[in-house]
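Here are the chains, one letter per residue:
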Amino acid sequence: MLKPLGDRVIVTVEEPEEQTVGGIVLASNAKEKPQTGKIVAVGAGRVTDDGKQVPLSLKEGETVLFDKYAGSEVKYEDAKYLVLHEKDIMAIVD
Amino acid sequence: MLKPLGDRVIVTVEEPEEQTVGGIVLASNAKEKPQTGKIVAVGAGRVTDDGKQVPLSLKEGETVLFDKYAGSEVKYEDAKYLVLHEKDIMAIVD
Amino acid sequence: MLKPLGDRVIVTVEEPEEQTVGGIVLASNAKEKPQTGKIVAVGAGRVTDDGKQVPLSLKEGETVLFDKYAGSEVKYEDAKYLVLHEKDIMAIVD
Amino acid sequence: MLKPLGDRVIVTVEEPEEQTVGGIVLASNAKEKPQTGKIVAVGAGRVTDDGKQVPLSLKEGETVLFDKYAGSEVKYEDAKYLVLHEKDIMAIVD
Amino acid sequence: MLKPLGDRVIVTVEEPEEQTVGGIVLASNAKEKPQTGKIVAVGAGRVTDDGKQVPLSLKEGETVLFDKYAGSEVKYEDAKYLVLHEKDIMAIVD
Amino acid sequence: MLKPLGDRVIVTVEEPEEQTVGGIVLASNAKEKPQTGKIVAVGAGRVTDDGKQVPLSLKEGETVLFDKYAGSEVKYEDAKYLVLHEKDIMAIVD
Amino acid sequence: MLKPLGDRVIVTVEEPEEQTVGGIVLASNAKEKPQTGKIVAVGAGRVTDDGKQVPLSLKEGETVLFDKYAGSEVKYEDAKYLVLHEKDIMAIVD
């Protein structure tokens, strides 16, 4: 299991579906990287100078919208994840 | 529904109207991106180091003026939105 | 009406007068952008981390001197305005 | 009258005297911009996050030494002034 | 022994295993630098302006995931280590 | 007299001595600018956001070591001085 | 004697030993600058905005590991030293 640190969350990226034309698999527009994902783990929050921990407003299971190109891609046990800072999450998709 | 995080708002962008000359549709000046929009959702505000949440001064339904090129464009259920940080909003159009 | 947000003010820009030589209208030196304007609207002030609002020291009706190239130009109901942060205002012209 | 805002002062720049060689007026070394001036107006000081105003340690009438290339040149009623932030003033010339 | 300072940790880098094809040792993809390591030493934490020390949330023996290219490589008694700031650690691998 | 402002000190620069070879004066290595000087004046210290003044730990008469290329050179009554921020002073030469 | 200011320490750099091959002295790999040194002097610590001094966690006599290329080289009474900020020290070599 991956436990994110500080103000980070880990999301599973929702790959845009491939389009098939006459049996040929076409990748969707390569320029548009996926922008939504499902949160699988949430960090404990950043620690301020007073030693206080500011918890995240995000929860496991939520689908979120994040900035294109934000975050770091990691592979773990054959699955791909994206590690994002909370500030890179723009909105919750409800 | 999209729920913006932190000090973000989501606006529907008001596209400048197309001009028609002799039946030919002319795009308005491409150099001037739209600068006004209507707020459809408001974040809960940024959380300070003391754990306090500073609410936004903006409200749903307000028409706002924002910096050209500010924000991130997102598509959601076939509609286009712009996610903006409060600091990118210059004025309320009353 | 435009209501500026945070530490912003809106000014009407005083265009330098055109000079006429023998009936020919000469634009004044194009390199020198106007640097004074009259304040038409003042924001409520920035909100600090303590949730306090720091009001501006500027008032509607004051003529101010501002940094060349500062601010964002906006058009509203056929008039041109400049939206400036208080920090871009150098002095009040009394 | 020009009233500087925040931590700004306004100085009259002391132009280095022209040197005359055999009746020919020679500009002094153009690479060396004047570095001293007399303060004609002092701002009320910057306002901190607590809403406190930190007054400047500079006074009207003082001659000051400032960083080459610091400040913004303004013309006002046919006189040239330099608007400087306090931090650009290196020393008082006593 | 190396004792890291401030908010630093020292990790032993887990080199990706070499692949052998017909007896020939092949280096794994050189573009992908190792991203996990085991913590061998933890700093006492950064000291804030109040003189308080903020201890790290990481512990010796934990396996961590860190940003590619983060940290400084050091050699000590013939072993290679990576010195990382806590902020460069993305997650704990449990 | 020059009275430095804030966290500044004024030093007289100790020029490295010229070396003479067979009567010919050779400038010392031009790439190495002098790095020590004697403090002739000390500012009152920077003013914090609380309005407190933090006095400098440096005193007039001390010889100090400073970063190459740090500070601003000023001429005053035919003497050359260097105005330095306290942070540019690396050490006191005792 | 050199007394470092603020959060600085002064170290004597341990030059990597020269290797000799058949009587010929070979400089060690020039690309790898020495990374360890012995602390000969420690500053009193930085002064915070509250006027408090935050003492360093380092002590004279300790051998430290520091970032390649960090610090400023100074010569003093024919010896070479390196002046480093505490933040450039990665670890204590015990």
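Residues numbered from 1 in each chain as written. Chains lettered and ligands numbered in written order. Predicted model: local features only at pLDDT ≥ 70, side-chain atom pairs only at ≥ 80, totals over all residues. Heavy atoms only, no water.

As recorded by an unreviewed UniProt entry, chain A carries the name Co-chaperonin GroES and is attributed to Lapidilactobacillus gannanensis. According to its UniProt record, chain A has this under Subunit (unreviewed entry): "Heptamer of 7 subunits arranged in a ring. Interacts with the chaperonin GroEL." Regarding chain A, the relevant UniProt record gives this comment under Sequence similarities (unreviewed entry): "Belongs to the GroES chaperonin family." (UniProt positions renumbered as here; feature names shortened; annotations may be inferred.)

K.L.:
Tell me what's going on with the overall build of chain A, and back it up with residues and numbers.
P.N.:
Across its full length, chain A holds zero helices and 11 strands. Moving toward the C terminus, one meets the helices and strands of chain A in the order β-β-β-β-β-β-β-β-β-β-β. Going through the 94 residues of chain A one by one, you find that 37% of them count as buried. Considering only intrachain contacts with a sequence separation of at least 6, the fraction spanning at least 24 residues in chain A is 60%. (Helix = DSSP H or I, 4+ residues; strand = E, 2+ residues; numbered from the N terminus. Buried < 20%, exposed > 50% of the residue type's maximum accessible area, 1.4 Å probe, protein only. Contact = heavy atoms within 4.5 Å.)

K.L.:
Lay out the interface of chain E and chain A with the relevant residues and their values.
P.N.:
Contacts between the two partners involve 18 residues from chain E, matched on the other side by 16 residues from chain A. Note on chain E versus chain A: buried area summed over both sides is about 1300 Å², and carbon and sulfur give 54% of it. When the buried area of chain E at its contact with chain A is split by residue, M90, I92 and D94 of chain E rank highest and sum to 36% of it. Taken together, the connections running from chain E to chain A amount to one salt bridge. At the junction of chain E with chain A, the criterion picks out six residue pairs in polar contact (both at pLDDT 80 or more). (Buried area = accessible area lost by both parts, 1.4 Å probe. Salt bridge = Lys/Arg side-chain N within 4 Å of Asp/Glu carboxyl O. Polar contact = N/O pair within 3.5 Å; in protein donor to acceptor, adjacent residues only side chain to side chain.)

K.L.:
I'd like a rundown of the sheet that holds strand β2 (residues 8–13) of chain C, residues and numbers included.
P.N.:
Read from one edge to the other, the open sheet built from seven strands follows the order β9(C)-β10(C)-β2(C)-β5(C)-β8(C)-β11(C)-β1(D), with strand pairing classed as antiparallel. At either end of the open sheet lies a strand with only one pairing partner, and these are β9 (72–76) of chain C together with β1 (2–4) of chain D. The average angle at which neighbouring strand axes cross in this sheet is 40°, direction not considered. In terms of strand pairing, strand β11 (residues 89–93) of chain C meets β1 of chain D through three bridges, oriented antiparallel. (Pairing = 2+ DSSP bridges. Axes fitted to C-alpha atoms, helices over the stretch in contact; angles between N-to-C directions.)

K.L.:
An account of unusual backbone geometry is requested, with residue identities and associated values reported.
P.N.:
Residues and elements named next belong to chain C. A positive phi angle is found at E77, which is not glycine, with a value near 50°. Here E77 is to be found in the loop between β9 and β10 (79–85). E77 gets classed as exposed once you look at its relative accessible area, which sits at 65%.

K.L.:
Give me the interface of chain B and chain C: which residues, what numbers.
P.N.:
Taken together, the contacts link 18 residues of chain B with 16 residues of chain C. Roughly 1300 Å² of surface becomes buried between chain B and chain C when both sides are summed, with 53% attributable to carbon and sulfur atoms. Area buried by chain B at its contact with chain C is led by M90, I92 and D94 of chain B, which between them contribute 36% of it. Applying the counting rule to chain B against chain C returns one salt bridge. In this structure, the salt-bridge partner of D94 of chain B is K3 of chain C, at a minimum N-O distance of 3.9 Å. Our enumeration of links across chain B and chain C arrives at six residue pairs in polar contact (both at pLDDT 80 or more). For the side of chain B that touches chain C, the element with the highest residue contribution is strand β11 (residues 89–93) of chain B, accounting for five residues. Of the residues contributing to the side of chain B that touches chain C, the split by class is eight nonpolar, three polar and seven charged. (Nonpolar A, V, L, I, M, F, W, Y, C, P; charged D, E, K, R; others polar.)

K.L.:
I'd like a rundown of the relation of the copies chain B and chain C, residues and numbers included.
P.N.:
Mapping chain B onto chain C leaves a residual RMSD of 0.0 Å; the transformation is a rotation of 52° accompanied by 0.0 Å of translation along its axis. Comparing contact sets, just 11% of the residues at the interface of chain B also lie at the interface in chain C, consistent with a heterologous contact between different surfaces. (Least-squares fit on C-alpha atoms with pLDDT ≥ 70 in both.)

K.L.:
Would you mind going over the sheet that holds strand β5 (residues 36–42) of chain E in detail, with residue names and values included?
P.N.:
What the seven strands build is an open sheet, ordered β1(A)-β11(E)-β8(E)-β5(E)-β2(E)-β10(E)-β9(E); its pairing is antiparallel. Looking at strand neighbours, the two that pair on one side only are β1 (2–4) of chain A together with β9 (72–76) of chain E, the edges of this open sheet. Across the sheet, the mean angle separating the axes of adjacent strands is 40° when strand polarity is ignored.

K.L.:
Please set out a negative patch on the surface residue by residue, giving values where relevant.
P.N.:
Taken together, the side chains of D50 of chain A, D50 of chain B, D50 of chain C, D50 of chain D, D50 of chain E, D50 of chain F together with D50 of chain G define an acidic patch exposed on the protein surface. Examined against the element boundaries, D50 of chain D turns out to sit in the loop between β6 (46–47) and β7 (53–54). Here D50 of chain D falls in the partly exposed class, since its relative accessible area comes to 35%. (Patch = residues over 30% accessible without salt bridge, like charges linked within 9 Å, V, L, I, M, F, W, Y side chains within 5 Å. Areas by Shrake-Rupley, 256 points an atom, 1.4 Å probe, with all protein chains shown as cover. Lys, Arg positive; Asp, Glu negative; His and termini not counted. Charge placed at Lys NZ, Arg CZ, Asp CG, Glu CD.)

K.L.:
How would you explain the side chain of D88 of chain B if you had to name every residue and give the values?
P.N.:
Residue placement: D88 of chain B occurs in the loop between β10 (79–85) and β11. On the basis of relative accessible area, D88 of chain B is assigned to the buried category, the value being 13%. There is a polar contact of 3.2 Å between the side chain of D88 of chain B and the side chain of K87 of chain B. Apart from the residues lying within four places of it in its own chain, the contact partners of D88 of chain B are L65, F66, D67, A70 and G71 of chain B together with R8 of chain C.

K.L.:
So, the pairing of strand β10 (residues 79–85) of chain E: which residues are in play, and what are the values?
P.N.:
All names here are of chain E. In the sheet, strand β2 (residues 8–13) pairs with β10 via four bridges, with the strands oriented antiparallel. Looking at the pairing, V11 lines up with L82 of β10. Two strands pair when backbone bridges link them, and β9 and β10 are joined in this way by five bridges, in the antiparallel orientation. For V74, the partnering residue across the bridge sits in β10 and is Y81. If you look at the hairpin formed by β9 and β10, you'll find two residues sitting between the two strands, and E77 has a positive phi there, around 50°.

K.L.:
Describe the environment of V54 of chain F, and please don't skip the residues or the numbers.
P.N.:
Relative to the elements of secondary structure, V54 of chain F occurs in strand β7 (residues 53–54). When the C-alpha atoms of V54 of chain F and D7 of chain F are compared, they prove to be 8.4 Å apart, with 47 residues separating the residues in sequence. For V54 of chain F, the residues in contact, after removing those within four places along its chain, are A44, G45, R46 and T48 of chain F together with V47, T48 and D49 of chain G.

K.L.:
Residues and numbers for the confidence of the model for chain A, please.
P.N.:
All names here are of chain A. The pLDDT averaged across chain A works out to 83; a share of 79% of its residues lies at or above 70. The spread of mean pLDDT over the elements of chain A runs between strand β4 (residues 24–26), the lowest at 53, and strand β5 (residues 36–42), the highest at 96. For the stretch residues 27–31, pLDDT sits under 50, and the model shows four contacts to residues farther than four places along the chain or on other chains. (pLDDT = per-residue confidence, 0-100.)

K.L.:
Give me the side chain of E62 of chain D: which residues, what numbers.
P.N.:
Residue and element names in this part refer to chain D. Residue placement: E62 occurs in the loop between β7 and β8 (63–66). Here E62 occupies a buried position and makes no salt bridge, while the nearest side chain of opposite charge, K59, is found at 4.2 Å. Among the polar contacts made by the side chain of E62, one reaches the main-chain amide nitrogen of K59 at a distance of 2.8 Å. Setting aside residues up to four positions removed in sequence, E62 forms contacts with G37, K38, I39, S57 and I92.

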